[in-house]
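# Remarks on the overall topology
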Amino acid sequence: MMRTARLAGQSTARTHSHSCKERGNTVTARRGALLCSGALMALAVAIPGAAHAACSTTAGITTCQGAVSPVTADPGVTTLNITAVTQDITAATGNAVTFNSSGSITIDSDLSKASPPGGTFSILAGDGYGMLANSTGAASAVNVASVGNGNAKWGIFAVGNGAVTVTNTGDVTSTGAFPDPVVKPLNGAIRATAGAGSATVTSLGNIISNVYGITATSLTGDVIVTSTGDVTSTDWDAFFVNSGGTSHVTSIGNIRARTYGFAVEGGGDQVLSSTGNIDSDYYGAFVFSAGGAVTVVSNGDVTAGAIGIVAGSRGPGTVSVTVGSGTVTATGGPLFRPDHDDLDSGTAVLAYAGGNLSVTISGAATGGAAGAPGVDFGWDVFDGDANSLTVLPGGLVNNAGGINALAIRGDTGDEAVSNAGTVSGTVDLGTGTNSFANHAGGHFNMGATVKLGAGNTLSNAGTLSPGGNGVVATSALTGNITQAADGVMLVDINLATGAGDRINATGTAILDGTVVVNPLGAPAAATGSFTILSADGGVSDEGLVAEGTVALGVSLRYPNPGDVVLDVTVDFAADGLNPNQTRLAKNLNTLIGDAGGVAPVLDALVGIGDFGDYRDALNQLLPEAYLHAAMAGLYSAEAFSGTLMGCREREGTYAYIAEGQCLWMDAGGGNLSRDKTDDYLGSEQTSWWLGGGAQFAVTETLHAGVGVRYEHVNQDVGDDANNDGAWG
């Protein structure tokens, strides 16, 4: 006779439906948010008789050695030891290892090979369980310790009404499958199901399963899961954890799942720590408590089709999510569960609870759709209380939909954003008492809307840029704005079109620090004006200054109580240029407004902020570098000409100037340096040459000759030009 566990009860989570029911003769569970209550009656599985070859029993302990296949323990024993085997444990049908009992039971299996050392035998069962440990007694404990690999329809199955512990060292492959696309038994590679006690799973190896990778559940106790290998579920969850108390899941390895990389649920505190990449078609991690605290720490890349990380508590518990190294990305695919229709697919990190919410980003959180944020606070009525988002240096919160897609969203809680990394996109913090602090080193690339709420403040001590660097944009800020002395407002202005960055604030603006101007486009006019900030509540100038470029002079003025206007003047002939540079720059000034094909040159020059770089850029436009190359050719020709009259006479009245006849060859090398001055470019030239020829005396005073010379020259004209060539 086969009996099944029946779990009855009603979930207390309104939007997380959960039902546990009997389906055929197997325990099944639809994904839920809270454990069902009720008694657990462990499975009593009928197994066909199997030989006990090479097994002996003493004082309630059965020991199996040598060639044993399959292994079945008598119900009356308490411990099954499998050791010193000489072959794989296999079962053509049914289970490879079976231990049914009404009392507490222990399986200790070590399939290590004696020779060669370090290898193991395997447990193989194509049509049943690799290892089944099942106790039906009240509060009976089940302990399974296994060393060796396994390949079976279902891997390790451990069920008891007391505490259940599974420790496996080795790889496990589960080939079983279920046709129902929604309701699936909890079977898979490793299953630990406890009644009144705790459930503990330690897996030291890789897992591949068609359905669940690791399931660990307890009706009233705690659950602890530790995994140090890769876990793959081709059709369901990599991890499913459901506890009546606390859950603590630690995973070091890469995770691949179709539905949930991690599904961790329970009535008490829930903790998930994952080091490794997570790839899931729907949810990377879904961690839920009925009222306790929830903690999620992720170090690795998380890629999910629907939502990257969901962490929530439907009660007064707090929620903490930390994205360490790696990125969390949601691509915005379909949601798996109908009762999740009110979630926004594409959200990277979602935190919700009745208590405080905390999200810390060291890596990146990237939303995948315009309405799905990188970080989201609140779901249903659980919007948190005092909520915080901390973006650490190097961290990033943004949206793949671009600068005007949602990066951060809050609801009725009090949201405080602290940014020392990068936030790009629109922001909507909801109706609470909110704040956004952009710290030194932080970059806030503002989208089209930044909604902090009336009376709330955006404070800037880092870099603030509507639209981001290089993009002209207008940002509508609901709230106040303040900028500290070390804060920077980066303003893009298009000199060709007259458009510029602008912030429109509904509150007040108290401004110190610097406006750094980034000019774009070839200037259409020598002067222009841009309104860069407007505040309905008025502007207070606390020492705000503007910083232009070498060719762009800038100044600030306040034409009325609510506006800040940037005035600009373009003059390429800046003070401090040498005469050649000045003459060139004045010619460039005549092209303002009518640059034609030179427009890219003016665009590049007007954006240079360093004076030395500006002079170098002008030098590259001057013909002086070409003169150095011409001079090198002249010197080479002069040297060659000298060798053509090279047959000197040692004797005679006119020996010092007399020419004879000869065959000659000339080879050598040289270096020529010209120092750089404030007014002229310097150069460094190296060369080598090879030449030869002949000279004949036609008459006593008339000579004829022929010669050839090859010379290779490499010439650097400062950092501005390089000439490399040959003459011959």
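In short, a report on the structure. Remember, it's a predicted structure, so these values are computed and weren't measured experimentally.

## Here we look at the overall build of the chain
Along its length, the chain carries four helices and 61 strands. Out of the 728 residues in the chain, the part that is buried amounts to 51%. Sequence-distant contacts in the chain: of pairs separated by 6 or more residues, those separated by 24 or more amount to 61%. Summed over its atoms, the accessible surface of the chain is roughly 28500 Å², and 54% of this surface lies on carbon and sulfur atoms.

## A word on the environment of Gly367
Residue placement: Gly367 occurs in strand β36 (residues 364–367). Through-space distance from the C-alpha of Gly367 to that of Leu406 is 7.6 Å; in sequence the pair is 39 residues apart. Residues in contact with Gly367, not counting those within four places in the same chain, are Ala330, Gly346, Ala348, Ala372, Pro373, Gly374, Asn398, Asn399 and Ala400.

## Here's the deal with the environment of Thr643
With respect to the helices, strands and loops of the structure, Thr643 is situated in helix α4 (residues 624–644). Take Thr643: its relative accessible area is 16%, and that puts it in the buried class. Between the alpha carbons of Thr643 and Gly693 there is a distance of 8.8 Å; along the sequence they are 50 residues apart. Those residues in contact with Thr643 that lie beyond four places of it in its chain are Trp664, Asp666 and Arg709.

## Examining unusual backbone geometry
Along the chain, Ser69 connects to Pro70 via a cis peptide bond; the corresponding omega equals -20°. Secondary-structure assignment places Pro70 in the loop between β4 (61–66) and β5 (71–73). A positive phi angle is found at Ala139, which is not glycine, with a value near 55°. Mapped onto the secondary structure, Ala139 falls in the loop between β10 (122–135) and β11 (142–147).

## Some remarks on the state of the cysteines
A complete count under the given rule lists one disulfide for this structure. Here Cys55 connects covalently by a disulfide to Cys64, the sulfurs 1.9 Å from one another. Negative torsions about the S-S bond denote left-handed disulfides, and the value of about 115° found for Cys55 with Cys64 makes this one right-handed. Classification of Cys64 by relative accessible area gives buried; the value is 1%.

## Thoughts on the packing of aromatic side chains
Applying the stated rule across the entire model yields 10 aromatic pairs. Measuring from centroid to centroid gives 4.8 Å for Tyr129 and Phe157, while their planes differ by 50°, and the two rings are tilted. Of the two residues, Tyr129 sits in strand β10 while Phe157 sits in strand β12 (residues 149–160), which places them 28 residues apart along the sequence. No difference in accessibility class separates Tyr129 from Phe157, as the two residues are buried. With a centroid separation of 5.0 Å and 85° between ring planes, the pair formed by Tyr352 and Trp379 is classed as edge-to-face. Placement of the pair is Tyr352 in strand β34 (residues 349–352) and Trp379 in the loop between β37 (375–377) and β38 (386–391), with a sequence separation of 27 residues. Neither residue differs from the other here; Tyr352 and Trp379 are each classed as buried. In this structure an aromatic cluster arises from ring pairing among Tyr260, Tyr283 and Phe286.

## Observations concerning a nonpolar patch on the surface
A surface patch of nonpolar side chains, about 470 Å² in accessible area, is lined by Met665, Trp688, Leu690 and Tyr710. Tracing the chain through its elements places Tyr710 in strand β60 (residues 703–717). The class for Tyr710 is partly exposed, based on a relative accessible area of 38%.

## A few points about the packing of helix α1 (residues 579–589) against helix α3 (residues 611–621)
Interhelical geometry of α1 versus α3 gives an angle of 85° and a closest axis separation of 10 Å. Relative to α3, the element α1 lies roughly perpendicular. Residue-level contacts link Gln581, Leu584 and Leu588 of α1 to Arg615, Leu618, Asn619 and Leu621 of α3. Residues that form the contact of α1 with α3 fall into these classes: four nonpolar, two polar and one charged.

## Focus on α3
Every buried residue belonging to α3 is among Tyr614, Arg615, Ala617, Leu618 and Asn619, and all of these are buried. As for α3, its buried residues are in contact with α1 and α2 (599–606). Two or three places before Gly612, at the start of α3, stands the capping residue Asp610, its side-chain oxygen 3.1 Å from that residue's backbone nitrogen.

## Some details on the nonpolar core
Membership of the largest hydrophobic core comes to 131 residues, with the highest contact counts inside it found for Ile408, Leu533 and Phe572. Those residues within four positions of Leu533 in sequence are excluded, and the remaining contacts are Ile481, Met489, Ile503, Ala509, Leu511, Val539, Gly562, Asp563 and Val564. Counting 24 residues, the second largest nonpolar core, distinct from the first, contains Phe157, Phe240, Tyr282 and Trp379.

## Examining the environment of Phe572
By the secondary structure assignment, Phe572 is in the loop between β57 (563–570) and α1. With residues up to four places along the chain from it excluded, the contact list for Phe572 reads Pro523, Ala551, Leu577, Ala585, Leu588, Asn589, Ile592, Leu602, Leu605, Val606 and Tyr614.

## Considerations on the pattern of salt bridges
The final tally for this structure, using the stated rule, is nine salt bridges. Among the salt bridges present, the one from Asp666 reaches Arg709, with a minimum N-O distance of 3.4 Å. Of this pair, Asp666 sits in strand β58 (residues 662–674) while Arg709 sits in strand β60, and the two are 43 residues apart along the sequence. In this structure, the salt-bridge partner of Arg709 is Glu711, at a minimum N-O distance of 3.3 Å. Relative accessible area serves as the criterion here: at 8%, Arg709 is assigned to the buried category. One network of salt bridges, in which partners are shared, links Arg256, Asp279 and Asp281.

## A closer look at the side chain of Asn100
Checked against the element boundaries, Asn100 lands in strand β8 (residues 97–101). Overall, the relative accessible area of 16% leaves Asn100 in the buried class. Engagement of the side chain of Asn100 in a polar contact is seen with the side chain of Asn134, the distance being 3.3 Å.

## A look at the pairing of strand β35 (residues 357–361)
Burial runs high along β35: four of the five residues are buried. Pairing geometry for strand β32 (residues 319–323) and β35, over five bridges, is parallel. Across the sheet, the residue bridging to Val319 is Leu357, located in β35. Bridge count between β35 and β38: four bridges; the pairing is parallel. Bridging from a neighbouring strand, Ile361 pairs with Val391 of β38.

## As for α1
Turning to α1, its buried residues are Gln581, Leu584, Ala585 and Leu588. Considered in projection along α1, the buried side chains sweep an arc of 100° and stay on one side of the axis. More than 90 degrees from the buried face of α1, the exposed residues found are Arg583 and Lys586. Sitting at the head of α1, Asn578 places a side-chain oxygen 3.1 Å from the backbone nitrogen of Asn580.

Rules behind the numbers
Residues numbered from 1 in each chain as written. Predicted model: local features only at pLDDT ≥ 70, side-chain atom pairs only at ≥ 80, totals over all residues. Heavy atoms only, no water. Helix = DSSP H or I, 4+ residues; strand = E, 2+ residues; numbered from the N terminus. Buried < 20%, exposed > 50% of the residue type's maximum accessible area, 1.4 Å probe, protein only. Contact = heavy atoms within 4.5 Å. Areas by Shrake-Rupley, 256 points an atom, 1.4 Å probe, with all protein chains shown as cover. Disulfide = S-S within 2.5 Å. Phe/Tyr/Trp six-rings, centres within 6.5 Å; stacked < 30°, edge-to-face > 60°. Patch = residues over 30% accessible without salt bridge, like charges linked within 9 Å, V, L, I, M, F, W, Y side chains within 5 Å. Salt bridge = Lys/Arg side-chain N within 4 Å of Asp/Glu carboxyl O. Axes fitted to C-alpha atoms, helices over the stretch in contact; angles between N-to-C directions. Parallel < 35°, antiparallel > 145°, perpendicular 65-115°, else oblique. Nonpolar A, V, L, I, M, F, W, Y, C, P; charged D, E, K, R; others polar. Polar contact = N/O pair within 3.5 Å; in protein donor to acceptor, adjacent residues only side chain to side chain. Core = buried A, V, L, I, M, F, W, Y, C linked by side-chain atoms within 4.5 Å. Pairing = 2+ DSSP bridges. Arc of directions from axis to C-beta.

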